[in-house]
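Descriptive analysis of the structure
If you want the building blocks of each chain, they are given just below.
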Amino acid sequence: MPSHPIVRAVGGVLFLASVAAAAGAGCGPGRWARTEGATPTEGGEGATEPAEEDDLLGRLFADSPLGELELRAIFPRRDLATVDRSAYRLAVAACLFGFPVAVSYAGTWKAIYDEGNPDRVPFNTMVHMSELAGPEDTAVPAPNNDTMYSSASLDLTTEPVVLSVPAVGARYYSFQLIDAYSSTFGYVGTRATGSEAGSYVIAGPGWEGEAPEGLAVLRSPTPLVWLLGRTLVDGPDDLPALRAVQEQYRLQTLSEHTGQAAPPRVELPFVPPPSLEGADEIDFYRLMGYAMRVNPPLPRDMFLASSFRRIGFGGDWTFDPARLTERELNALRFAAQDAKEFVKALTESGAATVNGWSREIPGMGSFGVNYILRAAVAVKGLGANTAEEACYPTANVDGQGNPMSGTDAYELRFPAGRMPPAQAFWSLTIYDFDTYLLVDNPIDRYSIGDRTDGLVFGEDGSLTIRLQREPPESDGVNWLPAPAGRFYVVLRIYVPDEEYLSGAYEIPGIERLP
């Protein structure tokens, strides 16, 4: 998944700091061009807990990928003699609920307000990635060479923002609109709105005005929005044409777009987030409170969020640890540690596979009340597309379930008429298993797909891709160079058709060669 200042600038995130993909360094100079659980053990004081906390966590887990498991199978058993057990359960829910908005807040502050950030830009200002990714790019996990990212942090508290796009012809593009809790609420682009030029009003939850005639309104449930654009690029020779398209993307406030007087400025209550690197776990709740004060919970989330007021969150969502007893504070510290381990285990466990491929979980990108999936995806990196826009099945094992390594050679064969069912484009990218990064190779090829020059098809119309470390001994082989050690692959399918979305299409297994 992509990263952007609001993701990469987070640095260490407290209760998920051990998962490196959740954070990273700021944007490197020159890369961006600016244009306008288990139930705790019995015993100890406070062992009796209200039934409503059981029901609360039951609802939290009801729609999760692990909803059928009992809490006691998820969270570690602890001696809670010095811990308020009711506070523990509420704090577990708070950590799982609050991680995406906390990450978003910390990154937005870094991207917009941090004077020490050389890539700092104002709200409502679009920046563009303008160079193809390579092995030297280490800030973004699992980068791709298919699309170039455009990105902006939008502030909709004062007035809406207007996104204007040019006619792009046959070139695929999309702008994904992501709220502060990491859910996608809309798209502008090839699939969603077509390839013609147009302007679109992006409005916050409190806006009651009228859009200019003919302009569609996309309404965000939160005042802050991450606008994430992807524009197709066909290799290095296509970069000048790609940049010409990017230069025509435009963001304006509604008053700028219409030429009217701007309304009085509404200032956001942003404060510097606490430094979470090596900090006390309590600082995560402070960060979460700051984030929820700027982006109040959605009405659908209030059944859960309002309960957090019993563990130190005030009416404006500011967190005040002075309101809690020492036993309650201990509970919050344990909960942060345990939630970290739970989400880490979830992200590392992998989904059920078919022919060695793990497919996306239903609800990806537009999470609703599936807070567990939302937190797990945020660990890997905010910005997951919804399935109708793009899918990213992955494989780190071959078709027989054995881990793949550069010590062996493999083939992936698509029969004639059974290519990946993409209405826009598809590609296969290979990554180092441990670093999630591209690996240097002698032909500078990091992905292969339907736009790759010189693809060789079999006489029967099939397509075979060879994955191996060393160059093939014969010509006419579609070679995707592999790392020396373990690796995994991502099959990107942009605008998948109904056969894929329904599950009817099965990706062939990757076969190890003798």
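Residues numbered from 1 in each chain as written. Predicted model: local features only at pLDDT ≥ 70, side-chain atom pairs only at ≥ 80, totals over all residues. Heavy atoms only, no water.

A look at the overall build of the protein
Counting secondary structure elements, the protein contains 10 helices and 21 strands. Burial status across the protein gives 57% buried among its 514 residues. Total accessible area on the protein is roughly 20,600 Å²; 49% of this is exposed by carbon and sulfur atoms. (Helix = DSSP H or I, 4+ residues; strand = E, 2+ residues; numbered from the N terminus. Buried < 20%, exposed > 50% of the residue type's maximum accessible area, 1.4 Å probe, protein only. Areas by Shrake-Rupley, 256 points an atom, 1.4 Å probe, with all protein chains shown as cover.)

A closer look at the environment of Leu 224
Position of Leu 224 among the secondary structure elements: in strand 9 (residues 224–232). In sequence terms Leu 224 and Asn 295 are 71 residues apart; their C-alpha atoms lie 7.0 Å from each other.

A short note on the layout of surface pockets
Here the second largest pocket defines a volume of roughly 540 Å³. Contributions of two or more residues to the lining of the second largest pocket are made by strand 16 (422–432) and strand 17 (447–449). Among the elements that line the lining of the second largest pocket, the one with the most residues is strand 17, at three residues. When the residues that make up the lining of the second largest pocket are grouped by side-chain class, the tally is seven nonpolar, six polar and eight charged. (1 Å grid on protein atoms, 1.4 Å probe; cavity = no way out; pocket = protein on both sides within 12 Å on 5 of 7 lines; lining within 4 Å. Points joined across faces, edges and corners; volume = space filled by probe spheres on them. Nonpolar A, V, L, I, M, F, W, Y, C, P; charged D, E, K, R; others polar.)

Digging into the pairing of strand 3 (residues 147–155)
The element strand 3 is extensively covered by neighbouring structure, given that nine of its nine residues are classed as buried. Judged by which residues are buried, strand 3 turns out to be covered on both faces: Thr 147, Tyr 149, Ser 151, Ser 153 and Asp 155 on one side and Met 148, Ser 150, Ala 152 and Leu 154 on the other are all buried. For strand 3 and strand 9, the ladder comprises nine bridges, and the chain directions are antiparallel. Looking at the pairing, Thr 147 lines up with Leu 232 of strand 9. (Pairing = 2+ DSSP bridges.)

Focus: the sheet that holds strand 19 (residues 478–481)
Strand order in the open sheet formed by four strands is 19-18-15-21, and the pairing between neighbours is mixed. Across the chains shown, the open sheet's two edge strands, defined by having one partner strand only, are strand 19 and strand 21 (511–512). Relative to strand 21, strand 15 (residues 410–414) runs antiparallel, the two being bridged by two bridges. Counted as the bridge partner of Glu 411 is Glu 511 from strand 21.

Notes on the nonpolar core
Counting 67 residues, the largest nonpolar core has Phe 97, Tyr 285, Phe 308, Ile 311 and Leu 332 as the members making the most contacts within it. Elements with a minimum of two residues in this core: helix 3 (85–112), strand 3, strand 9, helix 4 (239–246), helix 6 (282–294), helix 7 (302–305), helix 8 (326–349) and helix 9 (371–380). The element contributing the most residues to this core is helix 3, with 19 residues. Among the nonpolar cores identified, the runner-up in size contains 25 residues, and Ile 465, Leu 467, Ala 482 and Leu 491 belong to it. (Core = buried A, V, L, I, M, F, W, Y, C linked by side-chain atoms within 4.5 Å.)

Concerning the packing of helix 3 against helix 6
Viewed as axis vectors pointing N to C, helix 3 and helix 6 meet at an angle of 65°, and their least axial separation amounts to 8 Å. The orientation of helix 3 with respect to helix 6, classified from their angle, is roughly perpendicular. The interaxial crossing formed by helix 3 with helix 6 has left-handed handedness. Here helix 3 contributes Ala 91, Ala 94, Cys 95, Phe 97, Gly 98, Phe 99, Val 101, Ala 102, Tyr 105 and Ala 106 to the contact with helix 6, which in turn contributes Phe 284, Tyr 285, Leu 287, Met 288, Tyr 290, Ala 291, Met 292 and Val 294. Here the contact of helix 3 with helix 6 is composed, by residue class, of 17 nonpolar, one polar and no charged. (Axes fitted to C-alpha atoms, helices over the stretch in contact; angles between N-to-C directions. Parallel < 35°, antiparallel > 145°, perpendicular 65-115°, else oblique. Left-handed = near helix turned anticlockwise from the far one by under 90°. Contact = heavy atoms within 4.5 Å.)

A word on the pairing of strand 5 (residues 173–179)
The buried count for strand 5 comes to seven of seven residues, which makes it a mostly enclosed element. Taken together, the seven bridges between strand 5 and strand 9 define a ladder with antiparallel strand orientation. Across the sheet, residue Asp 179 finds its bridge partner in strand 9, namely Val 225. Examined bridge by bridge, strand 5 and strand 6 (residues 184–189) share five bridges and lie antiparallel to one another. Looking at the pairing, Gln 176 lines up with Tyr 187 of strand 6. If you look at the hairpin formed by strand 5 and strand 6, you'll find four residues sitting between the two strands, and Ser 182 has a positive phi there, around 80°.

Considering the sheet that holds strand 4 (residues 161–165)
As summarised here, the arrangement of the four strands in space is 8-7-4-10, forming an open sheet in which the pairing is mixed. One side of each edge strand has no neighbouring strand; the edge strands of this open sheet are strand 8 (216–219) and strand 10 (250–253). Taken pair by pair, the neighbouring strands of this sheet meet at an average axis angle of 30°, ignoring direction. In this structure, strand 4 lies alongside strand 10, joined through four bridges in antiparallel fashion. Within the sheet, the bridge partner assigned to Val 162 lies in strand 10 and is Gln 252.

As for the side chain of Ser 220
When you line up the elements, Ser 220 lands in the loop between strand 8 and strand 9. Taking the relative accessible area as the measure of exposure, Ser 220 reaches 2% and is therefore buried. Ignoring anything within four residues of it in the chain, the contact list for Ser 220 reads Leu 156, Asp 179, Phe 185, Ala 203, Gly 204, Pro 205 and Val 225.

Brief notes about helix 4
For the α-helix, the turn length of 3.6 residues means that residues three or four positions removed from each other point alike. All of the buried residues in helix 4 are Leu 239, Leu 242, Val 245 and Gln 246. All buried residues of helix 4 lie within an arc of 120° about the axis, which places them on one face of the element. (Arc of directions from axis to C-beta.)

Considerations on unusual backbone geometry
The bulk of non-glycine residues show a negative phi, and the bulk of peptide bonds are trans. The phi torsion at Ser 182 lies on the positive side, around 80°, for a residue other than glycine. Here Ser 182 is to be found in the loop between strand 5 and strand 6. Residue Ser 182 is classed as buried on the basis of its relative accessible area, which comes to 9%. Positive phi values are uncommon outside glycine, yet Tyr 436 reaches one of about 65°. By the secondary structure assignment, Tyr 436 is in the loop between strand 16 and strand 17.

Notes on the pattern of salt bridges
Counted by the stated rule, this structure contains 20 salt bridges. Measuring nitrogen to oxygen at the nearest pair gives 3.1 Å for the salt bridge that ties Glu 411 to Arg 466. With Glu 411 in strand 15 and Arg 466 in strand 18 (residues 463–468), this pair connects stretches of sequence that are 55 residues apart. Overall, Glu 411 belongs to the partly exposed group, its relative accessible area being 24%. By sharing partners, the salt bridges in this structure join Asp 146, Asp 234, Asp 450 and Arg 451 into a single network. (Salt bridge = Lys/Arg side-chain N within 4 Å of Asp/Glu carboxyl O.)

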